[in-house]
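# Survey of secondary and tertiary structure
One-letter residues, chain by chain:
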Amino acid sequence: IPRTSPATTGVRYLSASIQLTDLAPRVREFVEEHVKILRPANVHVCDGSSEENQSMVKLLQDIGRLKKLDKYENCYLAITSPEDVARVEKQTYVCTTKKEDSVPTPAPRVESVLGNWKDPQEMDKEMESKFQGSMEGRTMYVIPFSMGPLGSKLSKIGIQLTDSEYVVASMRIMTRMGRGVLDVLKDGSFVKCVHSVGYPLSEGQKDAEWPCNKKKLAIVQYPERNEIKSFGSGYGGNSLLGKKCFALRIASTIARDEGWLAEHMLILGLTNPQGVKKYIAAAFPSACGKTNMAMLTPTIPGWKAECVGDDIAWMRFNEEGRLMAINPENGFFGVAPGTNTGSNPNAMGTIFRNTIFTNVASTSDGGVFWEGLEKEVPADVSITSWLGTKNWEKLTDHEKKEKPAAHPNSRFCTPTSQCPVVDPDWEDPRGVPIDAILFGGRRPRTIPLVYEANSWNHGVFVGASMRSEATSAASDFKKGGLLHDPFAMRPFFGYNFSHYLQHWLRLQHTPGVQMPKIFHVNWFRKSDGKFIWPGFGDNIRVLDWIFRRCDGEDVAQSSPLGLIPKEGTINTEGLGPIDMASLFQMPKEELREEAAVMEDYFEKQLSGDIPAEVRQELEQFKGRVDAL
Ligand code: SAT
Ligand code: MN
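Residues numbered from 1 in each chain as written. Chains lettered and ligands numbered in written order. Predicted model: local features only at pLDDT ≥ 70, side-chain atom pairs only at ≥ 80, totals over all residues.

### A word on the UniProt feature "domain: Phosphoenolpyruvate carboxykinase C-terminal P-loop" (unreviewed entry) in the protein chain
Applicable threshold: UniProt positions are given in the numbering used here, feature names are shortened, and annotations may be inferred rather than shown by experiment. Under the scheme used here, helices are H or I runs from DSSP no shorter than 4 residues and strands are E runs no shorter than 2 residues, and both carry numbers assigned from the N terminus.
In the numbering used here, UniProt assigns the "domain: Phosphoenolpyruvate carboxykinase C-terminal P-loop" (unreviewed entry) feature to residues 260-622. The straight-line gap between the two end C-alpha atoms of residues 260-622 is 31 Å; of that span, 22% is helix and 23% is strand.

This is the structure:
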């Protein structure tokens, strides 16, 4: 029932349960200030209840933005505009008073690839003009959300304003959202998040099928003010502001100031056959298998793997000096294509209830389809591709390749709690203790299956040197080329990468702390165009070696890159023939080239600001290669 607010005339407040007058002064002020700028027709404060969610989903169905998938329980399909399918890095900004607080200073005539900076005042002006009246004819939703378990000392609270019902429904899956958050927040401070699809509706104007505004798109972080402004896109990474904008860009800056880490990492619990449990965190670039690894099904008998999170880790030392990690999210926003019973049975066990799919194909029996599910759809169904091509299954193989059924960056948005192997402690407010940190990427050549960093400093150098083949997770790059992606954070740094390196280096000097070991893994090495390593559940064979290294077992030998397994110490029992030698081949010329590329990157991108420790590790690496 629409109610009229006493505070702002002309605006109807739809909320059944939370009134503007119920809000703490700071929250209310934030809302009212933005009502004036955005000029929505209605305002609704989200309480997070299931009734509210049901009406949101009903509304989304009524306006045709969600289609119910009758084959499953409470699952829906959204199809975005083909122009709004991935993060857009070129229009993503970090705004700080001083430029060098946001981005490193590159060498003369070199363009920085480590973030876009703009002066906050200038950006304010630009954003204000974009946001003027941008919610006209729409409802503004107020979403109170917690990143991390509600009330945990490690958690942080944000409030997002949005004019997208799709965002409201997705934020309810991806974060802890609603009334409980306001109760915890009281009149405290919060991260201010403003999002608009940038498509106001004048009286009687028909809405677009997927409103967005590509021309004026901008994703803006203001770390000094803990503010996020996002305009023009409804797609996940651009619009679910708790995720990359808050939990990585803003949080990494808060973490720098408070002495902890906010990282693009999965968190996985591993229990060996003897019943000993350790947790690992692993950073891979977007669309490189974090979700698969986070839900791994071990192929070695006796091992158990349990999932804490698949994308983001917030890690802080506790009083005992242990690095404790929480997953700030409440759901998985995973890449759909490639997910199947073989690659990720636990994802398959998660996603067919209470899930919003975006840009996947649909089937005539009310289900979903994507590349990788060929063997798992009934033979007699017809497939409609994400772009609306009917009977897609009848296309030739060539046509199918040209026009995939699902967009390569199509996603499922699903509750973490539904994962069959969710860790019993995944919501422990104290976090879980991390024993090992893994870095990795898609490297068809040169980089071995696994190696261990020689020291913390060397590990920081390894993270800084990460490269990976570009994927479809961002729309800025051509798929396949090798991109630098230090710490898998390149698109997500909230502050100067050089300072970020110094922060990582500094952590080891925190009194009384026990540093995790650092490793680099590469599941993607190829020979004759084919992957050598089986990957997926067989990755437990590498994790088993890592686990034993954490226990101090003598199973490693030195190599130019770092410590690699001694011959025969990776368990390959039951694997069938596998060319282990080529998984660890490190031709001198390729390593030389690797070192040269790293040096060039650091010098061009960080210019005079390469931390001495990193420079030293680079020189030592070069020395080890030369000595080969
Ligand atoms: O597109 S998102 O940023 O939400 C996910 C990802 O790219 O890792
Ligand atoms: Mn990610």
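So, next bit.
### Some thoughts on the site of ligand 1
Quick note on the threshold: Residue proximity rests on one test: whether the C-beta atom, placed from the backbone, lies within 6 Å of the molecule or strand. Residues are grouped as follows: nonpolar covers Ala, Val, Leu, Ile, Met, Phe, Trp, Tyr, Cys and Pro; charged covers Asp, Glu, Lys and Arg; every other residue, Gly included, is treated as polar.
Taken together, Arg87, Gly236, Gly237, Lys243, Lys244, Ser286, Phe333 and Ala473 form the complete shell of residues around ligand 1. Elements with a minimum of two residues in the shell around ligand 1: helix H6 (236-239) and helix H7 (242-258). Looking at the shell around ligand 1 residue by residue, the classes come out as 2 nonpolar, 3 polar and 3 charged.

### Comments concerning the sheet that holds strand E4 (residues 67-68)
Where we set the bar: One requirement defines pairing of two strands: DSSP has to find at least two bridges between them. Whether two residues are in contact depends on their C-beta atoms, placed from the backbone: they are in contact if these lie within 7 Å. Only the stretch in contact is used when a helix axis is fitted, and all axes are lines through C-alpha atoms; the angle between N-to-C directions ranges over 0 to 180 degrees.
With mixed pairing, the 5 strands of this open sheet are ordered in space as E4-E5-E21-E25-E20. Every other strand in the sheet has two partners, leaving E4 and strand E20 (331-335) as the edge strands with one partner each. In this sheet, strand E25 (residues 411-415) lies alongside strand E21 (residues 356-358) in antiparallel orientation, the contact comprising 3 bridges. Counted as the bridge partner of threonine 358 is arginine 411 from E25. Set on the sheet, helix H4 (residues 165-174) makes contact with strand E5 (76-78), E20, E21 and E25; between it and E25 the angle comes to about 55°.

### What to know about the UniProt feature "domain: Phosphoenolpyruvate carboxykinase GTP-utilising N-terminal" (unreviewed entry) in the protein chain
According to UniProt, the positions carrying the feature "domain: Phosphoenolpyruvate carboxykinase GTP-utilising N-terminal" (unreviewed entry) are residues 29-256. This span, residues 29-256, is 31% helix and 21% strand, and a straight line between its end C-alpha atoms measures 29 Å.

### Observations concerning helix H3 (residues 120-131)
The line we're drawing: A helix is expected to span 1.5 Å multiplied by its residue count minus one. Remark: C-beta atoms are placed from the backbone, and a residue is labelled buried if 20 or more other C-beta atoms sit within 10 Å of its own, exposed if 12 or fewer do, or partly exposed between those counts. Read the arc as the range of directions from the helix axis to the C-beta atoms.
Along its 12 residues, H3 runs 16 Å from first to last C-alpha, staying within 8% of the 16 Å computed at 1.5 Å per residue. Considered for burial, the residues of H3 that qualify are Pro120, Met127 and Phe131. One side of H3 holds all its buried residues, which, seen down the axis, span an arc of 35°. Among the exposed residues of H3, those pointing more than 90 degrees away from its buried face are Gln121, Glu122, Lys125 and Ser129. For H3, the secondary structure elements touched by its buried residues are helix H1 (25-38), strand E11 (191-196), strand E12 (218-222) and strand E13 (227-231). Looking at the residues trailing H3, positive phi occurs at glycine 133, about 65°.

### Remarks on the packing of helix H2 (residues 50-62) against H4
Just so we agree on the cut-off: Convention used here: angles under 35 degrees read as roughly parallel, angles over 145 as roughly antiparallel, angles from 65 to 115 as roughly perpendicular, and any remaining angle as oblique. Helix crossings fall into two classes, left-handed where the near helix is turned counterclockwise from the far one by less than a right angle and right-handed where it is turned clockwise.
At their nearest, the axes of H2 and H4 sit 9 Å apart, and the two run at 140° to each other. Considering their axes alone, H2 and H4 lie oblique with respect to each other. In this structure, H2 crosses over H4, and the sense of that crossing is left-handed. Contact with H2, carried on its side by Asn53, Met56, Val57, Leu59 and Leu60, involves Glu165, Tyr166, Val168, Ala169 and Arg172 of H4 and no other residues of that element. For the contact of H2 with H4, the per-class residue count stands at 7 nonpolar, 1 polar and 2 charged.

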